[in-house]
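Per-entry structural report
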Amino acid sequence: MSSALLSVRVQAMRFEAQGIVSVELMLPDGAALPAFAAGSHIDLHLGNGVVRSYSLLNSPQEQHRYVVGVLNDRNSRGGSRYVHDTLRVGAMLTISAPRNNFPVDEGAAHSVLIAGGIGITPISCMLNHLRSQGKSAELLYCARSRAEAAFADALLQQPGVHSHFDAEQGTPPDLRAFLAAKPKDAHFYCCGPTPMLNAFEAICAELDLPHVHIERFAAAENVAAVQGDDYVAELARSKKSITVPAGKSLLDALLDAGLAVDHSCREGVCGACETKVLEGEPEHRDGVLSKSEKAANKSMMVCVSGCKGRRLVLDL
């Protein structure tokens, strides 16, 4: 696990929408927490032994608290269900320091933000931050129903905030028409369920939009952390060479070899295990790196990614 861990108290929990609660976290003495930027997330080490990543939704200007939003996912594997059913105000939690795989570009002439469901947590933080800086930004907020849309009342009062609720419209949002009407030099951000993210990426590619950013809450479909052939990972700083056998993840091979590798989600979505690649061609299977970053092969997420050849040289 990451070495940068903090012990915080659950200061408040609040019902935000159907199936969604916010959780406010503070240090017991009320001291300042590590700074974060819009789009950041933290890992919660929960009492049932699971670790889950949640986006920070409060203002980066607030130094005394972190606030996350948690959807009680009907397909929960133990994280969100624990938060909703077991976590209570006053409990102590271990969390990671903030990480940001979804930074907002404050230099953009215009930013177009799209949120699906609980994806509003980082997106609303980004919108509020951009506007606090006097930047041009707009939001399309999509959800199955208004009752399931956290923070909708406050957001929909702002200019440039559009909504699409399936229960009211009767159809899914027309992302193609929405995106095609926007200036091509804008920066486009999307966070939400996997089908929405896949559609967003495909439409942006067809429209040849150059500045596209996404954040996934779950691993992409059919992600396997292992591969069928063994390969060698050479560790430049440790001066070690290890064989990663077929059927074993690179992360597990590194940990078994005694390497202290930061990691958390084991699904290629949190970014904790990002490792520099010095030689070789990784088999990228993560949901963090952009297409251009994957093509550059400068780094990889060792929890799910592997090797296209028989050898990798890592900065470990």
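Residues numbered from 1 in each chain as written. Predicted model: local features only at pLDDT ≥ 70, side-chain atom pairs only at ≥ 80, totals over all residues. Heavy atoms only, no water.

Attention shifts here to the overall build of the chain. For the chain, the helix and strand inventory stands at eight helices and 18 strands. Over its C-alpha trace the chain gives a radius of gyration of 20 Å, about what one expects of a compact globule, namely 20 Å for 316 residues. Counting only C-alpha atoms, the chain reaches 60 × 50 × 35 Å along its principal axes. By sequence separation, contacts in the chain at least 24 residues apart represent 62% of the contacts at least 6 residues apart. Surface accessibility of the chain: about 14,200 Å² in total, with carbon and sulfur atoms responsible for 49%. (Helix = DSSP H or I, 4+ residues; strand = E, 2+ residues; numbered from the N terminus. Rg over C-alpha atoms; globule rule 2.2 N^0.38 Å. Contact = heavy atoms within 4.5 Å. Areas by Shrake-Rupley, 256 points an atom, 1.4 Å probe, with all protein chains shown as cover.)

With that settled, the discussion passes to the sheet that holds strand β16 (residues 299-301). The strands that make up a sheet pair up through hydrogen bonds in the backbone, lying either parallel or antiparallel. Taken together, the five strands give an open sheet; going across it, the order is β13-β12-β18-β14-β16, and neighbouring strands pair in mixed fashion. Pairing within the sheet leaves two strands with one partner each, and these edge strands are β13 (240-244) and β16. Neighbour-to-neighbour, the strand axes of the sheet open up by a mean angle of 40°, direction not taken into account. Bridge count between strand β12 (residues 231-235) and β13: five bridges; the pairing is antiparallel. Counted as the bridge partner of L235 is K240 from β13. (Pairing = 2+ DSSP bridges. Axes fitted to C-alpha atoms, helices over the stretch in contact; angles between N-to-C directions.)

This brings us to the sheet that holds strand β4 (residues 51-55). In space, the six strands of this open sheet follow the order β4-β3-β6-β1-β2-β5, with antiparallel pairing throughout. Either end of the sheet is taken by a strand with one partner, and the two such strands are β4 and β5 (66-71). For this sheet, the mean inter-axis angle between neighbouring strands, taken without regard to orientation, is 40°. The pairing of strand β2 (residues 20-26) with β5 spans six bridges and is classified as antiparallel. Among the inter-strand pairings, I20 is bridged to a residue of β5, identified as L71.

This part covers helix α6 (residues 194-206). For α6, which comprises 13 residues, the first-to-last C-alpha distance of 18 Å matches the rise-based estimate of 18 Å (1.5 Å per residue) to within 8%. Within α6 the residues assigned to the buried category are T194, M196, L197, F200, I203 and C204. In the core, the buried residues of α6 are packed alongside β7 (111-116), β8 (137-143), α5 (175-180), β10 (187-191) and β11 (212-215). (Expected span 1.5 Å × (residues − 1). Buried < 20%, exposed > 50% of the residue type's maximum accessible area, 1.4 Å probe, protein only.)

This structure, assessed with the given rule, holds 17 salt bridges. Note that E24 is salt-bridged to R65, the shortest N-O span being 3.6 Å. Here R65 lies in the loop between β4 and β5 and E24 lies in strand β2, a separation of 41 residues in the sequence. The class of E24 is buried, set by a relative accessible area of 18%. (Salt bridge = Lys/Arg side-chain N within 4 Å of Asp/Glu carboxyl O.)

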